[in-house]
Amino acid sequence: MSDLIERLIRPEIRAISAYHVPEAAGLIKMDAMENPYPWPEAAREEWLEVLRRAQVNLYPDPRGSELQAALREAMGIPSEMGLLLGNGSDELIQMLALAVAGPGRTILALEPGFVMYRMIGLFAGLDYIGVPLRTADFSLDLPAVLAAIEERAPALVFIAYPNNPTGNLFETEAIERIIAAAPGLVIVDEAYAPFTDASFVPRLGEWPNLLVMRTVSKMGLAGLRLGYLAGAPALLAEVDKVRLPYNVNVLTQASVTLALRHRARFDEQCRTIREERVTLMAALTALAGVKPFASEANFILIRLPEGRATQVFEALKASGILVKNLDGAHPQLADCLRVTVGRPEENRAFVTALSAAV
Ligand SMILES: *Cc1c(COP(=O)(O)O)cnc(C)c1O
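If you're wondering where the values come from, they're calculated on a predicted model, not measured in any experiment.

Thresholds applied
Numbering of residues starts from 1 in each chain and follows the order in which that chain's sequence is written. This being a predicted model, a pLDDT of at least 70 is required before a residue's local features are given, and a value of 80 or more before pairs of side-chain atoms are given or counted; all residues contribute to the totals for chains, interfaces and linings. Hydrogens are left out, water is left out, and the side-chain values use all remaining heavy atoms of the structure. For the purposes of this entry, the term helix denotes a DSSP run of H or I that reaches at least four residues, the term strand denotes a run of E that reaches at least two, and both are numbered from the N terminus. As a reference, a globule follows 2.2 Å times the number of residues to the power 0.38, and the radius of gyration itself is taken over C-alpha atoms. For every residue, the accessible area obtained with a 1.4 Å probe (protein chains only) is divided by the maximum for its type, and the residue is called buried under 20%, exposed over 50%, and partly exposed between those limits. Any pair of residues with heavy atoms lying within 4.5 Å of one another is described as a contacting pair. Accessible surface area values rest on a Shrake-Rupley calculation with a 1.4 Å probe, where residue burial reflects the displayed protein chains alone. Positive charges come from Lys and Arg alone, negative charges from Asp and Glu alone, with His and the N- and C-terminal ends not counted. In this description, the location of a charge corresponds to atom NZ of lysine, CZ of arginine, CG of aspartate or CD of glutamate. Under the pairing criterion, centres of Phe, Tyr and Trp rings, with the six-membered ring standing for Trp, must be within 6.5 Å; the plane angle then separates stacked pairs below 30 degrees from edge-to-face pairs above 60, leaving the rest tilted. Two conditions define a charge located above a ring, namely a distance within 6 Å from the ring centre to NZ of Lys or CZ of Arg, and an angle within 35 degrees of the ring normal. Axis geometry follows a simple rule: fit a line to the C-alpha atoms, using only the stretch in contact for helices, then measure angles between N-to-C directions, giving values from 0 to 180 degrees. Reported orientations rely on four angle classes, namely roughly parallel under 35 degrees, roughly antiparallel over 145, roughly perpendicular from 65 to 115, and oblique for the rest. We call a crossing left-handed when the near helix sits turned anticlockwise from the far one by less than a right angle, and right-handed when that turn is clockwise. Classification convention: Asp, Glu, Lys, Arg as charged; Ala, Val, Leu, Ile, Met, Phe, Trp, Tyr, Cys, Pro as nonpolar; all other residues, Gly among them, as polar. UniProt positions are given in the numbering used here, feature names are shortened, and annotations may be inferred rather than shown by experiment. Polar contacts here mean pairs of N or O atoms no more than 3.5 Å apart (in protein, one a potential hydrogen donor and the other a potential acceptor; neighbouring residues in sequence count only if both atoms are side-chain atoms). Neighbouring residues are identified by heavy atoms, a residue being near a molecule or strand if any of them is within 4 Å of it. Paired strands, as defined in this entry, are two strands with at least two bridges between them according to DSSP. Between Lys or Arg on one side and Asp or Glu on the other, a salt bridge is scored when a side-chain nitrogen of the former is within 4 Å of a carboxyl oxygen of the latter.

*Asks:* Just to check I follow, could you spell out the overall build of the chain for this structure?
*Replies:* Helix and strand counts for the chain stand at 14 helices and 13 strands. Relative to the globule expectation of 21 Å for 358 residues, the C-alpha radius of gyration of the chain, 21 Å, shows essentially globular dimensions. Out of the 358 residues belonging to the chain, those deemed buried represent 51%. Within the chain, contacts between residues separated by at least 24 positions form 72% of all contacts whose residues are at least 6 apart in sequence. Of the roughly 16,500 Å² of accessible surface on the chain, 54% is carried by carbon and sulfur atoms. Distance from the positive charge centre (34 side chains) to the negative charge centre (42 side chains) of the chain: 2 Å.

Below is the structure:
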């Protein structure tokens, strides 16, 4: 078997480990940026009715036309822009990578950042450049990014806005400069759009190479797997060619379309999470030995005293709370944990357990 694997599986795939999702049974889940609130009660009966009528014996609408119209309206996508749907935004990253892959083709992202840009680039056979953020505050090092663009002419540049796992927004002007300088596509990844007022959606059309990517995952529908990509229609029509037919299933299309009709209720949940972020940030700021980083997302990155992160992570877990341990994930994330903002009582339990552990 190992002979078979060595002969067949690409060395770069053998060298990595699979995307690790930890066991969370019985724990308060504050590790994965999920919305802690379930489908709104007031829309539950209507949802079940939609599911009852869904025709799962038939293939889904290949383009998800009804869902596309609902997304356009809810998210204010300009009518002259194209829209492409993915099985989560992860699949859109994959489609983009497959559409541009070839010898010497490169993907550029900022580090520390979302690891799937590098992973998917690797799967598609793209070279990868990670440009470090500034160590002190995780701000964007514009000269370094512009130099890398000049030198490597990346086919794809990904900018998470706000960034994961640091939670900050990069300066608008720096992003504008990058879009203007890049010979390839620049994808502004707005996965955390429900938790910030900043967005490049209104800027679509200003540059031919700007795409904006979003997801319904963080607003409370992570289980449905739906991401969307907006940009120049002619460009998206090309990317669409590598999409597998029927990539967004019947139940997802019907459920998200309905959810967008009840968007006010999901917005309300996200507003509560934003308010809780303020409360949690204040509590963390007051804790000796904990340095929280300002966040525009539904999570907060914290730094602990040197060498303590794993011990504190384990102590939190023993208290029934699962967060993300980032110590070792990237040199600039040494001693860091990331906590997703939960319900008020979950956040209080986290702060209590953290203050006991640190
Ligand atoms: C969570 C996240 C995504 C993934 O979204 P899915 O739609 O669930 O695949 C994309 N980008 C960033 C920066 C994220 O943090």
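*Asks:* When you look at the packing of aromatic side chains in this model, what are you seeing that I'm missing?
*Replies:* Tallying each qualifying case throughout the model produces eight aromatic pairs. Here Phe114 and Tyr117 contribute two aromatic rings whose centre-to-centre distance is 5.3 Å and whose plane-to-plane angle is 80°, an arrangement assigned as edge-to-face. We classify Tyr117 as buried; its relative accessible area is 2%. Ring plane angle 10° and centroid distance 4.6 Å describe the contact between Tyr117 and Phe158, whose orientation is recorded as stacked. Here Tyr117, found in helix H6 (residues 116-124), pairs with Phe158, found in strand S5 (residues 156-160); they are 41 residues apart in sequence, far enough to count as distant. Judged by its relative accessible area of 1%, Phe158 falls in the buried class. Joined through ring pairs, the aromatic side chains of Trp39, Trp47 and Phe266 make up one cluster. One cation-aromatic arrangement involves Arg338 over Phe299; the distance from NZ or CZ to the ring centre is 5.8 Å.

*Asks:* I would appreciate a short explanation of the packing of helix H3 (residues 44-53) against helix H11 (residues 250-261) in the present structure.
*Replies:* Angle between the axes and distance between the axes are the two parameters that describe a pair of packed helices. Packing of H3 against H11 leaves a shortest axis separation of 10 Å and a crossing angle of 150°. What the angle tells us is that H3 and H11 run roughly antiparallel. Crossing handedness for the pair H3 and H11: right-handed. Within the contact between the two elements, H3 uses Glu46, Trp47, Val50 and Leu51 and H11 uses Leu251, Ala254, Ser255, Leu258 and Arg261. Here the residues of the contact of H3 with H11 sort into six nonpolar, one polar and two charged.

*Asks:* Explanation requested: the UniProt feature "modified residue: N6-(pyridoxal phosphate)lysine" (unreviewed entry) in the chain in the structure shown.
*Replies:* Mapped onto the present numbering, the UniProt feature "modified residue: N6-(pyridoxal phosphate)lysine" (unreviewed entry) falls at Lys218. Note on placement: Lys218 falls in helix H9 (residues 217-221). Once residues within four sequence positions are removed from consideration, Lys218 is found in contact with Met33, Asn35, Ala191, Tyr192, Phe195 and Asn298. Of note is the side chain of Lys218, whose polar atom sits 3.4 Å from the side chain of Tyr192.

*Asks:* Explain the site of the ligand here, please?
*Replies:* Looking at the ligand, there are 14 residues lining it, with Asp189, Tyr192, Thr215, Ser217 and Lys218 nearest. Separating an oxygen atom of the ligand from a backbone N or O atom of Ser89 is a distance of 2.7 Å. Here a nitrogen atom of the ligand and a side-chain polar atom of Asp189 are 2.6 Å apart. Contact with the protein chains hides 93% of the accessible area of the ligand, taken as 390 Å² for the molecule alone. Only helix H5 (89-100) and H9 provide two or more residues apiece to the shell around the ligand.

*Asks:* Even after reading the chapter, I still don't get the sheet that holds strand S7 (residues 210-215), so can you show me in this structure?
*Replies:* In a beta sheet, neighbouring strands are held together by backbone hydrogen bonds and run either parallel or antiparallel to one another. On the basis of which strands lie adjacent, the open sheet formed by seven strands has the order S2-S8-S7-S6-S5-S3-S4 and mixed pairing. Only two strands of the sheet have a single partner each, and these edge strands are strand S2 (82-86) and strand S4 (127-132). The average undirected angle you get between the axes of adjacent strands in this sheet is 20°. Relative to strand S8 (residues 227-231), S7 runs antiparallel, the two sharing four bridges. Among the inter-strand pairings, Met213 is bridged to a residue of S8, identified as Leu229.

*Asks:* Sorry, what's going on with the pattern of salt bridges here?
*Replies:* For side chains bearing opposite charge, pairing can occur when the charged atoms are close. A complete count under the given rule lists 18 salt bridges for this structure. Across the salt bridge formed by Glu41 and Arg44, the nearest N and O atoms sit 3.8 Å from each other. We classify Arg44 as partly exposed; its relative accessible area is 28%. In this structure, Glu49 engages Arg53 in a salt bridge whose closest nitrogen and oxygen atoms are separated by 3.8 Å. One end of the pair is Glu49 and the other is Arg53, both in helix H3 and four residues apart, which spans about a single turn. On the basis of relative accessibility, which here comes to 57%, the residue Arg53 falls in the exposed class.

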